[in-house]
Amino acid sequence: MSPLLAQVLREIEQLSPEEQSQVISQTRELLKRQTATHRKPQRKWLDIAGTAPYPMMGEDAQEWVTRTRGESQQHRDRLLEIKHED
């Protein structure tokens, strides 16, 4: 904790509950404003649609789905075999 933060917290402890609530509210608003100005603008999917080459990794999408489903099934089958051996 920085010395400045420690000092601020000590001073906040001396405030009334109502004043502490005001500190929280004002700090929350300050953070909202700061994060809003530093936030990266969100990109829309349509902005990047079509920018990747096809097929992206040298493999057709349907072939990839079929292959990964098969690999997943093989993995599940191996886990079941191990479980049954125990």
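Residues numbered from 1 in each chain as written. Predicted model: local features only at pLDDT ≥ 70, side-chain atom pairs only at ≥ 80, totals over all residues. Heavy atoms only, no water.

Participant: Help me understand the pattern of salt bridges, please; the structure alone is not making it clear to me.
Facilitator: Pairing is possible between side chains that carry opposite charge, provided their charged atoms lie close to one another. Here the structure, examined in full by the defined rule, presents three salt bridges. Here Glu 29 ties to Lys 32 by a salt bridge, and the two come within 3.7 Å at their closest N and O atoms. Note that Glu 29 and Lys 32 are positioned in helix H2 (residues 17-38) at a spacing of three residues, about one turn of the helix. Overall, Lys 32 belongs to the partly exposed group, its relative accessible area being 48%. Of the charged contacts, one joins Arg 67 and Glu 71 as a salt bridge, the two residues approaching to 3.0 Å between their closest N and O atoms. Of this pair, Arg 67 and Glu 71 are both found in helix H4 (residues 61-85), four residues apart, which corresponds to roughly one turn of the helix. A relative accessible area of 35% means that Arg 67 is categorised as partly exposed. Connected through shared salt-bridge partners, Glu 59, Arg 67 and Glu 71 make up one network. (Salt bridge = Lys/Arg side-chain N within 4 Å of Asp/Glu carboxyl O. Helix = DSSP H or I, 4+ residues; strand = E, 2+ residues; numbered from the N terminus. Buried < 20%, exposed > 50% of the residue type's maximum accessible area, 1.4 Å probe, protein only.)

Participant: In this structure, what is going on with a nonpolar patch on the surface? I would like to understand it.
Facilitator: Where nonpolar side chains cluster on the molecular surface, the patch consists of Met 1, Leu 5 and Leu 9 and spans about 320 Å² of accessible area. Of note, Leu 5 is situated in helix H1 (residues 3-13). Take Leu 5: its relative accessible area is 41%, and that puts it in the partly exposed class. (Patch = residues over 30% accessible without salt bridge, like charges linked within 9 Å, V, L, I, M, F, W, Y side chains within 5 Å. Areas by Shrake-Rupley, 256 points an atom, 1.4 Å probe, with all protein chains shown as cover.)

Participant: Would you mind showing me how to read the environment of Gly 50 here?
Facilitator: In this fold, Gly 50 is placed in the loop between helix H3 (45-48) and H4. The sequence separation of Gly 50 and His 84 amounts to 34 residues, and the corresponding C-alpha distance is 47 Å.

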